[in-house]
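The primary structure of each chain is shown beneath.
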Amino acid sequence: LFDGVYPFYPQQRKVFVFDVSTIIVIVVFLTFACSFLLIIPGIRGRARLYWTLRVLFSLTVGVVIIAVHFTGDWETGWVKANTSYKSFSSALVNADIGLHVGLAGLNITLIGNPVNQVNETINYNEHFAWSFNADYDHSYSEGLEKGLPNPILYVAEKFTTQSPCNVHRQYRISGHYASAMLWVAFCTWLISNMLFSMPVLVYGGYMLLVTGAFMIFSLLSFSTVRNSLVCPIHFGTAVLRTGYGGSFWLTLAIGLLCFVAGITVITLHYLNVDLLKTFFDLPKDKAEEYQEMTEVYINPHFVNQGL
């Protein structure tokens, strides 16, 4: 101790929206995008624009499906309150308290207003995991042992297994199934890209619809936490209320975009297949090789010989 204050903060802090896993995913997909930009000058004519739109759309869908697994803003909430800072002390601090819920856990932030109060720098961001390979109660116990500020411990306690709120199991299972649905959407996204490259365009459109459907299913799975009883988080007269965050709305937007793209491909296949072939830079004779054979031609020479 140095004058009654810890000289360092023992736990490594984690950013509540972007962490190392999210950055790695974004860097990988940016590498693919940059690699494509290097070869795009070799494509001539209007096909260059079509290739750019297709590749950027596909990469955008893929990076969103993967990245939202690791983000912590599926559900967010902020409140400004005067609250006690630490146990066995009557000192009050003015701070912004934030709750950020992800698929695998939650982050609780505490930012002083101003940051420097009671001779300390109040700027905390704590992560508590509840995935199936993590122990949320153990993380909470470690926070108690380290003497985290009271507002953080108070919010974290609401999500423990022993809490009267009884929301831990609901959030944990909903996040697990939402993550599983997103991984299925990632698989169908890969299949759609393979079908577009074969090319079997109409089936690629169907797989885009399936991709969008599983993304919507993941949102419905996460939304089931709203069916549980609301557990109020009070700080004096202030109440911390949460709502759907950026990752939730981003997943919804990309899922609907997949629906629009899939329906467009299927519609063009039946109404204007030539335009669809042009957009996918597909020569007519090559496309016809993949079409289902509707007529059978018999060589009369072999018929006459009885073969």
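These numbers were taken from a predicted model, which means no experiment stands behind them. (Residues numbered from 1 in each chain as written. Predicted model: local features only at pLDDT ≥ 70, side-chain atom pairs only at ≥ 80, totals over all residues. Heavy atoms only, no water.)

**Side note on the UniProt feature "transmembrane region" (unreviewed entry) in the protein chain**
According to UniProt, the positions carrying the feature "transmembrane region" (unreviewed entry) are residues 20–39, 51–71, 91–111, 177–196, 202–225 and 246–271. Across residues 177–196, the secondary structure splits into 100% helix and 0% strand, with the terminal C-alpha atoms separated by 29 Å. Across residues 202–225, the secondary structure splits into 92% helix and 0% strand, with the terminal C-alpha atoms separated by 37 Å. (UniProt positions renumbered as here; feature names shortened; annotations may be inferred. Helix = DSSP H or I, 4+ residues; strand = E, 2+ residues; numbered from the N terminus.)

**Focus: helix H3 (residues 136–146)**
Count 3.6 residues to each turn of an α-helix, and residues three or four apart come out pointing the same way. Of the positions making up H3, those classed as buried are Tyr136, Tyr140 and Gly143. Burial along H3 is one-sided: seen end-on, the buried residues are contained in an arc of 55 degrees. Against strand E3 (105–117), strand E4 (120–129), helix H4 (150–157) and helix H5 (168–197) lie the buried residues of H3. Between the side-chain oxygen at the start of H3 and the backbone nitrogen of Asp137 there is a gap of 3.2 Å, and the oxygen is on Asp135. Backbone geometry just downstream of H3 places Gly147 in the positive-phi region, at approximately 75 degrees. (Buried < 20%, exposed > 50% of the residue type's maximum accessible area, 1.4 Å probe, protein only. Arc of directions from axis to C-beta. Contact = heavy atoms within 4.5 Å. Polar contact = N/O pair within 3.5 Å; in protein donor to acceptor, adjacent residues only side chain to side chain.)

**Quick look at the side chain of Ser218**
As for its placement among the helices and strands, Ser218 is situated in helix H6 (residues 201–223). Judged by relative accessible area, which is 0%, Ser218 ranks as buried. Aside from chain neighbours lying at most four places away, what touches Ser218 is Ala178, Met181, Leu182 and Thr251.

**Here we look at the packing of H6 against helix H7 (residues 246–271)**
It is at 8 Å that the axes of H6 and H7 come closest, and there the two elements cross at 155 degrees. Judged on the interaxial angle alone, H7 and H6 are roughly antiparallel. Every pair of crossing elements has a handedness; the one defined by H6 and H7 is left-handed. A breakdown of the residues in the contact of H6 with H7 according to their chemical character gives 20 nonpolar, nine polar and no charged. (Axes fitted to C-alpha atoms, helices over the stretch in contact; angles between N-to-C directions. Parallel < 35°, antiparallel > 145°, perpendicular 65-115°, else oblique. Left-handed = near helix turned anticlockwise from the far one by under 90°. Nonpolar A, V, L, I, M, F, W, Y, C, P; charged D, E, K, R; others polar.)

**Describing a nonpolar patch on the surface**
The grouping of Tyr203, Tyr206, Tyr270 and Leu271 at the surface amounts to a nonpolar patch, some 500 Å² of accessible area in total. Where the nonpolar patch is concerned, the elements lending two or more residues are H6 and H7. Looking at the element boundaries, Tyr206 is found in helix H6. For Tyr206, a relative accessible area of 34% corresponds to the partly exposed category. (Patch = residues over 30% accessible without salt bridge, like charges linked within 9 Å, V, L, I, M, F, W, Y side chains within 5 Å. Areas by Shrake-Rupley, 256 points an atom, 1.4 Å probe, with all protein chains shown as cover. Salt bridge = Lys/Arg side-chain N within 4 Å of Asp/Glu carboxyl O.)

**Thoughts on the packing of aromatic side chains**
Here the structure, examined in full by the defined rule, presents 20 aromatic pairs. Ring geometry for Tyr50 versus Phe279: centroids 5.2 Å apart, planes at 45 degrees, classification tilted. In this pair, Tyr50 sits in helix H2 (residues 47–67) while Phe279 sits in helix H8 (residues 273–279), placing the two residues 229 residues apart along the sequence. We classify Tyr50 as buried; its relative accessible area is 14%. (Phe/Tyr/Trp six-rings, centres within 6.5 Å; stacked < 30°, edge-to-face > 60°.)

**Remarks on the pairing of E3**
Relative to E3, strand E2 (residues 92–101) is paired through seven bridges, and the arrangement is antiparallel. By the bridge assignment for E3, Ala95 is matched with Gly112. Linking E2 to E3, which pair antiparallel, is a turn of three residues. The pairing of E3 with E4 spans nine bridges and is antiparallel. Bridging from a neighbouring strand, Leu106 pairs with Phe128 of E4. What sits between E3 and E4 in their antiparallel hairpin is a turn of two residues, with Val118 showing a positive phi close to 45 degrees. (Pairing = 2+ DSSP bridges.)

**Observations regarding the sheet that holds E3**
In space, the five strands of this open sheet follow the order E4-E3-E2-E1-E7, with antiparallel pairing throughout. Two strands bound the open sheet, and with one partner strand each, they are E4 and strand E7 (243–244).

**Details of the nonpolar core**
The biggest cluster of nonpolar side chains holds 62 residues, and the ones touching the most others in it are Leu99, Leu106, Val155 and Phe159. Here the element with the most residues in this core is H2; it accounts for nine residues. In this structure Val155 touches Ile97, Leu99, Ile108, Ile233, Phe235 and Leu240, once residues within four positions along its chain are discounted. In terms of nonpolar packing, the next biggest core, distinct from the first, is built from eight residues, Ala261, Val265, Phe280 and Leu282 among them. (Core = buried A, V, L, I, M, F, W, Y, C linked by side-chain atoms within 4.5 Å.)

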